[in-house]
Each structure stands twice: as structure tokens, then as C-alpha cells.
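What follows is the residue order along each chain.
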Amino acid sequence: MAVLVNDQTKVLIQGITGKQGSYHAEKMLEYHMEVVAGVAPGRGGQRVSGVPVYHTVQEAAAKHTVDASLILVPAPFILPAAMEAIDAGIPLVVLITEHVPVHDAMKIRNRAREKGIRLVGPNTIGVISPGKGKVGIMPGYIYSEGRIGIISRSGTLTHEISSNLTYRGFGQSTCIGIGGDLAVGMDFVEALEIFRNDEETDVIVMIGEIGGVGEEMAAEYIRKSGYPKPMVAYIAGLTAPEGKKMGHAGAIVSGNMGSAKSKMEALHKSGVTIANTLDEILKYVEKNQ
Amino acid sequence: MDCFEYEGKSIFMRYGIPIPQGRITDQQKGAVDIFNELGKPCVLKAQVLSGKRGKAGGIKIAETREEVEEAFDMISGMEIGEEKVRRILVEEKLDIKEEFYLGMTIDPFLKAPLLMFSLEGGMDIEELAEKHPEKLVKIKVNPNASTVDYSEILAKIGLENKDKMKDQLLRMMDQLVTLFHETDATTAEINPLVLTGQGELIAADSKLVIDDSAMFRQKDLNLEDRRDEDQDEGEKRAEALGLAFVPLDETGDIGTIAGGAGLALATMDAVRYYGGKPANFLDVGGGVTEEQMREAVRIVAAKKGLKAMIINVFGGINNCETMAKGIDQALDEVDKSMILVVKMRGHSQEEGWSILEKRGIPIVKHGTTEEAVKMLLSRIRGE
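Residues numbered from 1 in each chain as written. Chains lettered and ligands numbered in written order. Predicted model: local features only at pLDDT ≥ 70, side-chain atom pairs only at ≥ 80, totals over all residues. Heavy atoms only, no water.

The subject of this paragraph is helix 6 (residues 163-182) of chain B. Residue and element names in this part refer to chain B. For helix 6, which comprises 20 residues, the first-to-last C-alpha distance of 28 Å matches the rise-based estimate of 28 Å (1.5 Å per residue) to within 8%. Buried residues of helix 6: M165, Q168, L169, M172, M173, Q175, L176, V177, L179, F180 and H181, and no others. Positive phi shows up at D184, right after helix 6, with a value of about 55°. (Helix = DSSP H or I, 4+ residues; strand = E, 2+ residues; numbered from the N terminus. Expected span 1.5 Å × (residues − 1). Buried < 20%, exposed > 50% of the residue type's maximum accessible area, 1.4 Å probe, protein only.)

This next bit is on the sheet that holds strand 3 (residues 47-48) of chain A. Residue and element names in this part refer to chain A. Strand order across the open sheet formed by seven strands is 3-4-2-1-5-6-7, with mixed pairing between neighbours. What marks the edges here is a single partner per strand, and that holds for strand 3 and strand 7 (118-120). Alignment of strand 1 (residues 10-14) against strand 2 (residues 34-39), held across five bridges, turns out to be parallel. Across the sheet, the residue bridging to L12 is A37, located in strand 2. Docked against the sheet, helix 3 (residues 78-87) engages strand 1, strand 5 (68-71) and strand 6 (92-95), running at close to 175° with respect to strand 5. (Pairing = 2+ DSSP bridges. Contact = heavy atoms within 4.5 Å. Axes fitted to C-alpha atoms, helices over the stretch in contact; angles between N-to-C directions.)

Here we come to the interface of chain A and chain B. Taken residue by residue, the interface counts 66 residues in chain A and 77 residues in chain B. Of the roughly 5,500 Å² buried between chain A and chain B, counting both surfaces, carbon and sulfur atoms make up 61%. On the chain A side of the interface with chain B, the three residues burying the most area are H103, M246 and I252 of chain A, jointly 14% of the side's total. Note that D104 of chain A and R217 of chain B form a salt bridge whose closest N and O atoms lie 3.0 Å from each other. Summed over the shared surface of chain A and chain B, the result is 27 residue pairs in polar contact (both at pLDDT 80 or more). (Buried area = accessible area lost by both parts, 1.4 Å probe. Salt bridge = Lys/Arg side-chain N within 4 Å of Asp/Glu carboxyl O. Polar contact = N/O pair within 3.5 Å; in protein donor to acceptor, adjacent residues only side chain to side chain.)

With that settled, consider the domain arrangement of chain B. Taken domain by domain, chain B holds domain 1 (21-92), domain 2 (96-221) and domain 3 (232-380). Each of domain 2 of chain B and domain 3 of chain B was reduced to a C-alpha centroid, and the two centroids are 43 Å apart. (Domains from an automatic or database assignment.)

Here we come to the pairing of strand 6 (residues 88-92) of chain B. All names here are of chain B. For strand 6, a buried count of five out of five residues is recorded, marking the element as mostly surrounded by other parts of the structure. Strand direction decides the pairing type here: strand 1 (residues 22-25) and strand 6, joined by four bridges, are antiparallel. Looking at strand 6, one finds that G22 is bridged to E91. Bridging between strand 2 (residues 42-46) and strand 6 involves five bridges; their strand directions are antiparallel. If you follow V43 over to strand 6, its bridge partner there is E91.

All names here are of chain B. Mapping L306 onto the fold places it in the loop between helix 9 (290-301) and strand 16 (308-315). Note on L306: relative accessible area 15%, which makes it buried. With 54 residues separating them in the primary sequence, L306 and G252 have C-alpha atoms 7.6 Å apart. Setting aside anything within four residues of it in sequence, one finds L306 in contact with D253, I254, G255, A279, V300, A301 and M338.

So, on to helix 3 (residues 65-75) of chain B. Helical periodicity: at 3.6 residues per turn, an α-helix aligns residues three or four positions apart in one direction. Residues and elements named next belong to chain B. The complete set of buried residues in helix 3 reads V68, A71, F72 and I75. Taken down its axis, helix 3 places every buried residue within 100° of arc, on the same side. If you follow the buried residues of helix 3, they end up packed against strand 1, helix 2 (28-38), strand 2, strand 3 (59-62) and strand 6. (Arc of directions from axis to C-beta.)

This part covers the nonpolar core. Ranked by internal contacts, the top residues of the largest apolar core, which has 83 residues, are I13, L70, L192, V205, I222, L267 and I281 of chain A. In contact with L70 of chain A, not counting residues within four places along its chain, are V11, L12, I13, Q14, M28, V94, I96, V135 and G136 of chain A. (Core = buried A, V, L, I, M, F, W, Y, C linked by side-chain atoms within 4.5 Å.)

On the surface, a cluster of negative charge is contributed by E63, E66, E67, E70 and D73 of chain B. Secondary-structure assignment places E66 of chain B in helix 3. (Patch = residues over 30% accessible without salt bridge, like charges linked within 9 Å, V, L, I, M, F, W, Y side chains within 5 Å. Areas by Shrake-Rupley, 256 points an atom, 1.4 Å probe, with all protein chains shown as cover. Lys, Arg positive; Asp, Glu negative; His and termini not counted. Charge placed at Lys NZ, Arg CZ, Asp CG, Glu CD.)

Below, the discussion takes up the side chain of T25 of chain B. Residue and element names in this part refer to chain B. Following the sequence through the fold, T25 ends up in strand 1. Within the structure, the side chain of T25 is placed 3.1 Å from the backbone nitrogen of Q27, a separation counted as a polar contact. When near neighbours in sequence (up to four residues on either side) are disregarded, T25 contacts G30, A31, I34, F72, R87, I88 and V90.

All names here are of chain B. Following both chains from N to C, one finds helix 10 (residues 320-331) and helix 11 (residues 349-358) inclined at 15°, their axes separated by 7 Å at the closest point. The angle between helix 10 and helix 11 falls in the class roughly parallel. In terms of crossing hand, the pair formed by helix 10 and helix 11 is right-handed. Of helix 11, the residues touching helix 10 (which contributes C320, E321, A324, K325, I327 and D328) are Q349, E351, G352, I355 and L356. (Parallel < 35°, antiparallel > 145°, perpendicular 65-115°, else oblique. Left-handed = near helix turned anticlockwise from the far one by under 90°.)

This paragraph deals with the packing of aromatic side chains. Summed over the entire model, instances satisfying the criterion amount to four aromatic pairs over all chains. Between F100 of chain B and F117 of chain B the ring centres are 5.9 Å apart and the planes differ by 55°, which places this aromatic pair in the tilted class. Taken together, the positions of F100 of chain B in strand 7 (residues 96-107) and F117 of chain B in strand 8 (residues 112-118) put the pair 17 residues apart, joining distant regions of the chain. Each member of the pair, F100 of chain B as well as F117 of chain B, carries the same accessibility label: buried. The side chain of K134 of chain A reaches across the aromatic face of Y31 of chain A, ending 5.6 Å from its centre. For the cation-ring pair, R87 of chain B lies above F4 of chain B, with the distance from its terminal atom to the ring centre recorded as 5.5 Å. (Phe/Tyr/Trp six-rings, centres within 6.5 Å; stacked < 30°, edge-to-face > 60°. Lys NZ or Arg CZ within 6 Å of the ring centre and 35° of its normal.)

Given below as C-alpha cells:
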């Protein structure tokens with residue numbers, strides 16, 4: 001039984017009539033997912049790839065059992081869409097949309113926590129347990145079934161690393177795209193907790209990037225909790241020029257954290273192996289699995 | 001979007017936060033006019049986004065007409081950081097009794113807005129926060145609610161500061177919290193917040209940053225598009241097309257294009273790791289069109305002295321066929337001697353590969369980013 005998603009997961013797609021929504025509804029169905037309903041305000045009664053469309057999440061949830069909502073609506077409409085899914089009590093909400101205003105992301109995250117809803121994203125590719133199920137937009141065939149758990153802030157780097165592993169015979173138990181934004185729902189720590197007791201996951205690959213403090217928080221959690229599984233981390237952005245910062249407020253709160261170096265050092269101190277290149281991730285996995 | 005001081009202050013004013021009297025000018029005569037209107041000693045402040053303004057001599061006090069002219073001439077045309085001074089803010093010189101710090105930002109640990117206050121404001125606030133964290137009060141603000149409990153800040157102020165200041169500060173904190181929520185700010189900072197000899201609290205400076213992702217609903221702020229004054233042509237075109245493009249140092253001779261910020265960073269990192277010099281960062285983003293891809297290639301290829309280019313994309317939220325078509329269109333216009341390697345897989349990969357194969361472009365289909373980078377570097381060396 002995979003964590004988060006499996007072959008029984010019943011999915012709702014919000015924004016299903018849009019270009020992205022209809023395309024990925026098709027791809028989800030090709031991956032043998034049960035897409036039970038779609039939502040598009042003002043478009044209720046239509047069908048997309050045979051999936052019935054409703055005006056509201058409430059309406060869809062009244063007619064169908066829904067385990068997860070995949071949200072593909074454009075950023076300006078994400079706040080009401082996500083709030084609808086959370087208020088309808090859908091246990092897993094995945095926000096794919098990028099360029100979500102951070103104030104909206106904070107509001108959504110706050111509400112999800114109040115209601116005990118698992119929120120993934122925004123700005124993510126979603127979640128996949130290869131061969132079992134996906135609630136996301138990743139091309140299924142570059143992922144394969146196996147025992148590596150992946151937690152990543154970057155969508156395309158997850159594709160890259162998973163496909164590199166796949167082509168070399170290493171499959172993945174679950175890949176969680178936590179998203180690259182500042183105010184994401186699930187962070188590294190929450191994802192690590194999910195993998196902690198997952199019997200299907202032997203080795204964990206963490207993919208971070210510059211900005212934010214998620215990797216530093218994960219390093220502290222790993223150290224304090226005596227994390228039991230072998231782990232390798234790759235941090236993108238070592239050669240990125242440092243952005244100019246306005247005012248002192250950011251530095252007061254996070255000091256020197258946020259750089260690739262700070263993240264690598266923090267994780268290294270917590271006993272995580274640091275991969276300097278993407279190929280070093282493959283070498284680590286070959287040795288440890 | 002970073003706001004200039006005068007823009008931030010005009011937004012402060014809309015929310016009722018008191019600011020010094022004054023306005024901007026780009027003419028010496030304009031500066032003198034403002035000085036005459038105010039009828040008191042002035043401060044001339046270079047309007048740049050860089051934080052090193054004070055130390056670079058971009059702020060001058062003037063008490064006479066001659067001093068205003070002299071200060072204007074010294075500041076105008078200065079370069080601070082890499083920014084040219086184009087506008088100068090001329091405003092009344094405040095009678096400063098005390099300097100405080102009041103600021104808001106988004107706390108990356110809490111993932112919530114944070115309000116911060118200190119009785120010791122000014123340039124050394126970061127040092128103070130590090131060495132004497134007890135002197136800085138931080139309050140988490142609920143992102144879904146506008147009411148905030150300020151009691152911790154009020155307790156800090158102490159008895160020597162009378163009720164009048166407390167009332168003013170309470171009002172100002174409410175105004176700042178409202179501004180922060182309503183303008184989609186990610187930083188809103190008043191440093192210093194000045195207590196004048198007359199007992200008034202005035203925002204002597206402003207540092208305001210508005211979330212780029214929220215600009216679609218912040219048109220009322222009238223942040224005229226001046227940010228591109230220091231951008232080159234390529235940056236302007238990339239911005240207009242919604243491509244995240246950052247030119248790197250002059251000597252870089254390997255162009256990079258990738259889909260997704262993480263992969264774009266990793267591609268640059270790999271070029272550098274194996275001894276190449278990346279020329280730029282370019283993330284085409286999600287939902288990329290043929291036009292965006294074509295222009296991305298043209299913008300990156302336009303750099304002088306560019307030897308080679310690596311394109312590293314996935315068909316995830318993007319489509320390989322669409323991207324290949326864009327690349328194909330651009331190739332008619334770029335220098336034929338430029339060495340190109342494309343790594344591409346994902347949705348519609350077969351269609352994408354076939355378009356590029358007709359052009360004879362080397363494609364990395366199943367290999368890693370590093371294999372693609374190594375292939376590019378060996379081709380540059382003529383191997």
C-alpha cells in the first residue's frame with residue numbers, strides 16, 4: 001500500500017475543461033486512474049474524456065467518493081478553487097498551478113492545516129507511486145516501480161532524476177513534488193515523516209534548490225529525530241548569482257540561510273550524503289540499494 | 001516588484017501612514033522649487049533600489065538654495081551598485097528624536113506574515129537582531145485574519161513613552177498590516193520609523209516589495225514599468241514573453257535553456273562543474289509555446305562570443321513536439337557555427353525527436369543532464 005496515492009485513489013480534477021485540465025485528465029486516465037469527476041464553474045453537465053463535469057466541488061463530492069483533488073486552474077482563480085476543495089473535506093489536495101500569489105498560498109495552507117487536509121503544492125508536478133497511481137502531471141512512463149522515495153522542490157529535476165534512475169533499473173516507491181514556492185503545504189519535514197515508516201521505501205533522495213529554509217528545517221528534523229533511512233540530497237543553484245535583497249526584514253528572519261551552500265552544509269552535518277552532481281545520486285543509489 | 005522609496009511612500013500615504021513632505025524630481029530647478037515650497041532644510045535622496053545608498057553618498061542634507069543645487073549635482077548621474085540615479089527625492093529634514101524599526105515580511109519557517117518592531121532602528125538592525133534578539137519583537141500574523149494582538153510590542157515600549165505615541169504606533173501597525181495584505185507585499189519595512197521632537201511618528205524611509213505573481217491584481221498601485229531601465233534588450237524581450245532570463249558574467253560562452261527553475265539551475269551548475277562557463281540562466285516555465293521557445297533560443301544565441309548552447313527540457317507540463325517546433329524555427333536565424341545539444345523527453349517525445357533529428361541536432365534521449373553537458377563540452381573542444 002503506497003503512501004498518499006494508490007490504484008484505488010478516486011480523483012477529482014478542478015479546471016478540467018481548460019487546456020491543461022483536459023490534457024492531464026486524459027493522461028491520468030491513460031495511467032489507469034479513476035478520475036470520478038471534474039469541476040469547472042459554469043460548465044456543469046459537460047463531459048471531458050467521459051468524465052462528468054460539475055459546477056462546484058461540493059456538488060461533485062455529493063455524487064462521488066473523492067479521495068484527492070488535482071487542481072489545474074489558472075493562478076488568479078486558485079484561492080476560491082483550493083478553498084472549495086478544502087472545505088469539502090477532500091483528504092488530499094494537490095495544487096499544480098505555478099505563479100500563485102504568496103498571500104493566497106499562505107491562506108490556503110492555513111485553512112488546510114485548520115481542517116486537517118493534506119495539501120501538496122502549489123507549483124508542483126504532484127505525487128506519483130509508479131505503477132500504482134498518480135495525482136499529478138508527470139509523464140508516467142519515465143517513472144518506474146521500485147523502492148526509492150523522492151522528495152523534490154523542482155518538477156523537472158524530479159523527471160530528470162526519476163528517469164535517470166528508471167533507465168538504470170532503479171524504480172521509485174513514491175515521488176512527492178512538494179513544490180518550489182515559499183508557502184507550500186507539505187514541506188520536506190512532513191514528506192520525510194511520511195517515508196519514515198513506509199515499508200516500501202528503502203532509500204530517500206531529496207532534491208532541493210536555492211531559496212527558503214525548507215532544506216535547513218529538514219536537516220534539523222533529521223538530526224533531532226534520528227532519521228532511520230539512508231538519504232542523499234542534491235541542491236540546485238550553486239552557481240546562481242545572489243539576488244539583491246530589499247530591506248533588512250528577510251535577513252533578520254533567515255540570516256544567511258537560503259543559499260545552496262547553507263543547505264548543503266546543514267544537511268551534511270545531519271549525516272545526509274550530498275550529491276555534487278546529478279550522477280552522484282545514481283552512484284549513491286547503486287551503492288545503497 | 002521592488003518599489004523605489006518614493007513609490008513605497010506614496011503607497012504608505014494611501015494607507016494613512018505619515019511620511020515626510022516632499023516629492024521627486026530629475027531637474028536641478030525642480031529640486032530648488034521643492035526646497036522653496038517646503039521653506040525648510042531638506043534631504044536629497046537618490047532613488048535607487050540598492051541598499052548601499054547612504055554609504056555611497058546618495059543622501060545629502062541641504063539648508064540653503066546653493067546647498068540644494070550642489071547636492072543635486074553630486075547625486076544626479078551617480079551610479080550606486082549598478083544602478084544609475086535617475087530621480088531624486090527632495091523632502092523635509094525631520095527633527096529626529098528617536099529612530100525605531102517597524103517591518104513586515106513573510107517568515108519562511110512559519111510560512112506566515114511576520115510583524116517586527118524594535119526601539120533601536122537604523123542601519124544596524126540586522127546586527128541588533130543577531131546579537132540582541134530580545135530587542136526585536138516578532139509577531140506572527142494570521143494570513144486569513146486582519147486582527148493582530150500587539151500587546152507584546154506595546155509592553156516593550158515602556159512607560160517613558162507616553163500614550164500619544166502608543167496610539168500612533170497602534171494605528172500605524174494596523175495600517176501596515178492592512179497594506180501588507182491588500183497590496184500583496186512580501187516585504188514592507190519602515191526603517192527608520194522616526195519619533196520627531198514634536199512627538200510625531202513618521203516613516204522616514206520605505207522598503208516595499210510586491211509579489212510579482214500578484215501584479216495582475218495590483219494595477220492600482222501604479223508601479224509604472226521603470227524596472228527595465230537597467231535591462232538590456234534580451235532581458236526586456238524575455239520579460240515581455242514571460243521567460244525567466246538572467247544573463248551571467250561577460251565571459252560565459254555556453255548558453256543554457258531549461259524547463260523549470262530547478263533543472264535550469266542544475267544545468268548551469270553542471271556546465272560549471274565540468275569546466276564550462278555558463279552565459280545565462282533561462283527557464284522557459286510551464287505551458288511553453290512555439291513562439292516562447294523560438295524566442296528563448298534567439299535571445300540566448302544573441303550573446304556575443306557564444307560558442308554553444310544546451311537545451312534541457314521535459315514534456316511534463318510542456319509538450320516536446322511544441323518545444324521542438326520552436327527550436328526548429330529559431331535555427332534558421334542563429335549562427336550555423338553554434339554548437340547545440342538538446343536533451344528532451346516526456347510527453348510527445350517521439351514527435352519532438354523526429355523534428356530535431358531532421359535538422360541533424362544531437363539529442364540526448366535517455367541520458368542524464370551531465371551526459372548532455374559532457375557531450376556539448378567535448379564537441380566544443382572539437383572531439
